[in-house]
Protein chains: 2
Amino acid sequence: MTSKQEFIEKLRNSSLRPTKQRINICEVLFNRDKTFHFTISDLFNLIKDKTGEKISLATVYNTVHAFHKKGYLKEIPINSNQTYFDTNVTDHHHFFDVKEEKLIDLKNEDVGPIEIQKSIPGKKIKSVEVLVKLED
Amino acid sequence: MTSKQEFIEKLRNSSLRPTKQRINICEVLFNRDKTFHFTISDLFNLIKDKTGEKISLATVYNTVHAFHKKGYLKEIPINSNQTYFDTNVTDHHHFFDVKEEKLIDLKNEDVGPIEIQKSIPGKKIKSVEVLVKLED
DNA sequence: AATCTTCTTTAGAATAATTATAAACAAGTA
DNA sequence: TACTTGTTTATAATTATTCTAAAGAAGATT
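Residues numbered from 1 in each chain as written. Chains lettered and ligands numbered in written order. Predicted model: local features only at pLDDT ≥ 70, side-chain atom pairs only at ≥ 80, totals over all residues. Heavy atoms only, no water.

### Looking at the relation of the copies chain A and chain B
So, step 1. For the pair chain A and chain B, the superposition axis carries a translation of 0.0 Å, the fit reaches an RMSD of 0.4 Å, and the rotation angle comes to 179°. The relationship between the two copies is best expressed as a two-fold rotation axis. Minimal C-alpha separation from the rotation axis in chain A is found for Val130 of chain A, amounting to 2.2 Å.
So, step 2. Both copies share a contact surface, since 100% of the interface residues of chain A are interface residues in chain B too. (Least-squares fit on C-alpha atoms with pLDDT ≥ 70 in both. Contact = heavy atoms within 4.5 Å.)

### Comments concerning the domain arrangement of chain A
Residues and elements named next belong to chain A.
So, step 1. Annotation of chain A at the domain level lists domain 1 (4-84) and domain 2 (89-134).
So, step 2. Contacts between the two partners involve 11 residues from domain 1, matched on the other side by 12 residues from domain 2.
So, step 3. Together, the buried faces of domain 1 and domain 2 total about 990 Å²; carbon and sulfur atoms form 60% of this surface.
So, step 4. When the buried area of domain 1 at its contact with domain 2 is split by residue, His37, Lys74 and Ile78 rank highest and sum to 51% of it.
So, step 5. Run the count over domain 1 and domain 2 and you get 0 salt bridges.
So, step 6. Remark: the boundary between domain 1 and domain 2 carries 3 residue pairs in polar contact (both at pLDDT 80 or more).
So, step 7. Sorting elements by how many residues they give to the side of domain 1 that touches domain 2 places strand β2 (residues 74-76) first, with 3 residues. (Domains from an automatic or database assignment. Buried area = accessible area lost by both parts, 1.4 Å probe. Salt bridge = Lys/Arg side-chain N within 4 Å of Asp/Glu carboxyl O. Polar contact = N/O pair within 3.5 Å; in protein donor to acceptor, adjacent residues only side chain to side chain. Helix = DSSP H or I, 4+ residues; strand = E, 2+ residues; numbered from the N terminus.)

### Re the interface of chain A and chain B
So, step 1. Taken together, the 39 residues of chain A in the interface contact 39 residues of chain B.
So, step 2. For the chain A and chain B pair, buried surface summed over both sides reaches about 3600 Å², with 52% attributable to carbon and sulfur atoms.
So, step 3. Three residues, Asn79, Lys123 and Glu135 of chain A, lead the burial of chain A against chain B; their summed loss comes to 18% of the area buried on that side.
So, step 4. Along the contact surface separating chain A from chain B lie 7 salt bridges.
So, step 5. A salt bridge links Glu100 of chain A to Lys123 of chain B; its shortest N-O distance comes to 3.6 Å.
So, step 6. Taken together, the links from chain A to chain B amount to 19 residue pairs in polar contact (both at pLDDT 80 or more).
So, step 7. With 12 residues, strand β6 (residues 124-135) of chain A is the single largest residue contributor to the side of chain A that touches chain B.
So, step 8. Where β6 of chain A lies against strand β6 (residues 124-135) of chain B, 11 bridges are found, and the strand directions are antiparallel. Opposite Val128 of chain A, over in β6 of chain B, you have Val132 of chain B as the bridge partner. (Pairing = 2+ DSSP bridges.)

### As for the pattern of salt bridges
So, step 1. The full count for this structure, using the stated rule, is 11 salt bridges over all chains.
So, step 2. Taking the shortest distance from any N to any O, the salt bridge between Lys20 of chain B and Glu53 of chain B comes out at 3.2 Å. One end of the pair, Lys20 of chain B, is in helix α2 (residues 20-30); the other, Glu53 of chain B, is in the loop between α3 (40-51) and α4 (57-70), and 33 residues separate them in sequence.
So, step 3. You can call Lys20 of chain B exposed: its relative accessible area is 53%.
So, step 4. Of the residues examined, Glu53 of chain B reaches a relative accessible area of 38% and is grouped as partly exposed.
So, step 5. Lys99 of chain B is the partner of Asp136 of chain B in a salt bridge, and the nearest nitrogen-oxygen pair spans 2.8 Å. Taken together, the positions of Asp136 of chain B in the segment after β6 and Lys99 of chain B in the loop between β4 (93-97) and β5 (102-106) put the pair 37 residues apart, joining distant regions of the chain.
So, step 6. The exposure class assigned to Asp136 of chain B is partly exposed, which follows from its relative accessible area of 45%.
So, step 7. Each of Lys123 of chain A together with Asp97, Lys99, Glu100 and Asp136 of chain B takes part in salt bridges that share partners, so that together they form one network. (Buried < 20%, exposed > 50% of the residue type's maximum accessible area, 1.4 Å probe, protein only.)

As structure tokens, then:
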């Protein structure tokens, strides 16, 4: 459980002004035990439910993008009509249950080491992500 | 080089009527040496250039979806504003050059074996795909 | 505290990818 | 040929996301 005060400091340290909206979003996103997968629209609705106050959709987009840029959120590479984000920014992989459109975490130790034996001149590897699609 | 006649048979065997548009799309997509990564909009423009005739955008969508459903095209899981497809439907992985928004094939032997040490009851693995993001 | 600058929020408009619609048309079949 | 069914088409509708510009809030300066 992170206190409001701690979020304020974290925001300041990232040169993001600690506005009421950003603090609320922090509380909804980061005061959790388990990792959280969400779309912007999930988050938008959740904020209304949890805090009783509505934050403009544009602000939700702005904030999620800001947090993503600062490395507090990770974008999950799946094809869906909406973009999924993850509060777990450590290196890890995903199951995607195609039928139920549901994401499930794979701990890094659930996946053996991945060796990439090819390289592209002038480019370096930024991330290696595995998506395991599941069917019935 | 596959002949028009062969495409017609393949379409019939998939219970897709061999229309002029579908045959043209087959020729643009599948008469290639190398694997081909594309978005709908890429394909739409390419058809105009290669065949001189314009196929309605809706038809391009319909056809790509039909081919995908039949297993002749693979959808590549990356987050982009557009959906990418691949004519190589075998198991393989991708580099994605984030800056240039370009996909590069990784042969299966370029990536070491991937062990998944977790399973979800009632579900089986449909595919395992690795996306390696590249930066400068 | 008052002022000033800069950043942020906001509603709504704009954009862009994709899907839906329904009429015209072409393919397969009897 | 006539009939049925599947396909194409232009266009409208939908949906996710980004842009815009004005109002508001935060931080710094006096």
